[in-house]
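Take a look at the letters that make up each chain.
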Amino acid sequence: MLRHKDLLGLQYTEPEEIQEILDGAEGCFDFLCGRDPKHREDLKGRTLVTLFYENSTRTRTSFELAGKYLGANEVNISTASSSVQKGESLIDTGKTLDSMKIDFIAIRHPMAGAPKLLADHVNASVINGGDGMHEHPTQALLDMFTLRRAKGKLEGLKVAILGDIKHSRVALSNTFGLTKMGASVSVYGPDTMMPAGLERLGARIARSREECLEGADAVMGLRIQLERMGGGLFPSLGEYAKFYGVNGDALKYAKPDAIILHPGPVNRGVELTPQVIDGESSLINRQVTGGLAVRMSVLKLLAEYRACSM
Ligand code: NCD
């Protein structure tokens, strides 16, 4: 069983909990592929609210569908047309939602730490759908789920993450999650996009793209997070693609059966070439299905926690 009311980040999640979420997602994945139709009532009578203060296509839709497929009531709050625009604070918004007796809030917010602040003030279970440059736990869980399904394990695998490491919550959550599960993480990007101190969290900073990719079982490209940088961190998109992007030549350094991952949205031809995105090794679309399965699993496990502990 999970040990906390909320899922705020993989920094705070034990390996056994990660394992349980990934194992639970297997059954949900079968359900999504039409093989096991018995899950639909799991969250009957429960309510999930998605509260996104930042743009999102796949993460928000995925949370919404995960709730719906499990039989929950599901409400989406668009912050652009809510009382947030009238200056309501995050805590007051949370307390308002709590008074409506909801069970889960999936939140995305540009400020690191916002989900934790909300979680500390509400009875509902808060799931972090991405907070600034901090964490994006369900994305890393779906990456691990996709990788585990492709390779049959996580332990001992080498994952190469390339691109804008500094501004990426996906890179940070994956570093926490993958190293906890016994995989190694190697990162590479422009110096201006490398955060200080990532080694202390378990990642290895490669000195070149080739070194990063050498012997990798999985290669993850990351979007340049233009919305989180002041600009001027690399000369041009063309040069970025040439020196830091994932292309066929660079991939020769990875294992021949290496899989390609990307959290999306992808800038075609920048982080990955179109041939890599659409190639046989790319599991980018499968990641999206895995994301739905993982979010279903998280909701089910948090519901169990709530039933037993609250
Ligand atoms: C990621 C995010 O929002 O952090 N995307 C996602 O959740 N699918 C990565 C990104 O936006 O580049």
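In case you missed it, the structure is sitting above this.
In this report, we go over the structure that sits alongside the text. Here the structure is a predicted model, which is why all the values come from computation and not from measurement. (Residues numbered from 1 in each chain as written. Predicted model: local features only at pLDDT ≥ 70, side-chain atom pairs only at ≥ 80, totals over all residues. Heavy atoms only, no water.)

**A closer look at the sheet that holds strand β2 (residues 73–78)**
Across the sheet, 4 strands lie side by side as β2-β1-β3-β4; this open sheet has parallel pairing. With partners counted over all chains shown, the strands left at the sheet margins are β2 and β4 (125–131), one partner each. Across this sheet, the average inter-strand angle for adjacent strands is 15 degrees, counted without regard to direction. As defined by bridge partners, strand β1 (residues 47–52) adjoins strand β3 (residues 104–109) across 5 bridges and the pair is classed as parallel. Residue Leu 51 lies in a different strand from β3, and its bridge partner there is Ile 107. Contacts from helix α2 (residues 58–69) reach β1, β2, β3 and β4, with the element oriented near 175 degrees to β1. Along the sheet, helix α3 (residues 90–99) makes contact with β1, β2 and β3, crossing β1 at roughly 160 degrees. (Pairing = 2+ DSSP bridges. Helix = DSSP H or I, 4+ residues; strand = E, 2+ residues; numbered from the N terminus. Axes fitted to C-alpha atoms, helices over the stretch in contact; angles between N-to-C directions. Contact = heavy atoms within 4.5 Å.)

**Re the site of the ligand**
Taken together, Arg 58, Thr 59, Arg 108, His 136, Gln 139, Arg 169, Val 170, Arg 223, Gln 225, Pro 263, Gly 264 and Pro 265 make up the full set of residues near the ligand. Arg 108 is positioned with one of its side-chain polar atoms (N or O) 3.0 Å from an oxygen atom of the ligand. Here an oxygen atom of the ligand and a side-chain polar atom of Arg 169 are 2.7 Å apart. About the coverage of the ligand: the protein hides 95% of its 320 Å² of free accessible area. Under a 2 Å grid-point criterion requiring more than half of the atoms, the pocket assigned to the ligand is the largest pocket. At the level of secondary structure, the elements contributing two or more residues to the shell around the ligand comprise α2 and α6 (169–180). Classifying every residue of the shell around the ligand gives 3 nonpolar, 5 polar and 4 charged. (Near = heavy atom within 4 Å. Polar contact = N/O pair within 3.5 Å; in protein donor to acceptor, adjacent residues only side chain to side chain. Areas by Shrake-Rupley, 256 points an atom, 1.4 Å probe, with all protein chains shown as cover. 1 Å grid on protein atoms, 1.4 Å probe; cavity = no way out; pocket = protein on both sides within 12 Å on 5 of 7 lines; lining within 4 Å. Sits in = over half its atoms within 2 Å of the grid points. Nonpolar A, V, L, I, M, F, W, Y, C, P; charged D, E, K, R; others polar.)

**As for the nonpolar core**
Counting residues in hydrophobic clusters, the biggest one holds 58 residues, and the most contacted among them are Leu 141, Met 144 and Ile 161. Among residues more than four places away in sequence, those in contact with Ile 161 are Ala 171, Asn 174, Val 185, Ser 186, Val 187, Tyr 188, Cys 212, Met 220 and Leu 222. (Core = buried A, V, L, I, M, F, W, Y, C linked by side-chain atoms within 4.5 Å. Buried < 20%, exposed > 50% of the residue type's maximum accessible area, 1.4 Å probe, protein only.)

**Here we look at the pattern of salt bridges**
Under the definition given, this model contains 17 salt bridges. With its nearest N and O atoms 2.4 Å apart, the salt bridge here joins Arg 149 to Glu 26. Within this pair, whereas Arg 149 is found in helix α5 (residues 137–151), its partner Glu 26 is found in helix α1 (residues 15–32), the two being separated by 123 residues in sequence. Given a relative accessible area of 37%, Arg 149 falls into the partly exposed group. With a relative accessible area of 23%, Glu 26 lands in the partly exposed category. (Salt bridge = Lys/Arg side-chain N within 4 Å of Asp/Glu carboxyl O.)

**What to know about the pairing of β3**
Working note: regular strand, side chains alternate between the two faces of the sheet. Burial within β3 is extensive, with 6 of its 6 residues counted as buried. The side-chain alternation of β3 yields two buried faces, one formed by Phe 104, Ala 106 and Arg 108 and the other by Ile 105, Ile 107 and His 109. Of the strand pairs in this sheet, β3 and β4 are connected by 5 bridges, and their pairing is parallel. Each bridged residue has a counterpart across the sheet, and for Ala 106 the counterpart in β4 is Ile 127. The handedness of the β3 to β4 crossover, carried by helix α4 (residues 114–119), is right-handed. (Right-handed = clockwise from strand over helix to strand, strands pointing away.)

**Observations regarding the environment of Asn 76**
Here Asn 76 is to be found in strand β2. In this structure Asn 76 comes out as partly exposed when scored by relative accessible area, which is 30%. Linking Asn 76 and Gly 269, residues 193 residues apart in sequence, is a C-alpha distance of 33 Å. In this view, Asn 76 contacts Thr 50, Arg 60 and Glu 64; residues no more than four positions away in its chain are not counted.

**Some remarks on the sheet that holds strand β5 (residues 158–162)**
The strand order across the open sheet formed by 5 strands is β7-β6-β5-β8-β9, and the pairing between neighbours is parallel. Bordering the open sheet on either side are β7 (203–205) and β9 (259–261), each of which pairs with just one other strand. Looking at each pair of strands side by side, their axes are set apart by 25 degrees on average, direction ignored. When β5 meets strand β6 (residues 184–188), the two strands line up parallel, connected through 5 bridges. The partner of Leu 162 across the bridge, within β6, is Tyr 188.

**Structural notes on α1**
Relative to the 26 Å expected for 18 residues at 1.5 Å per residue, α1 spans 25 Å between its end C-alpha atoms, a close match to the ideal helical length. Of the residues making up α1, those classed as buried are Glu 17, Ile 18, Ile 21, Leu 22, Ala 25, Cys 28, Phe 29 and Phe 31. On its buried side, α1 packs onto α2, α5, α6 and α11 (284–309). Immediately beyond the C-terminal end of α1, within one or two residues, lies Gly 34, with a positive phi of roughly 80 degrees. (Expected span 1.5 Å × (residues − 1).)

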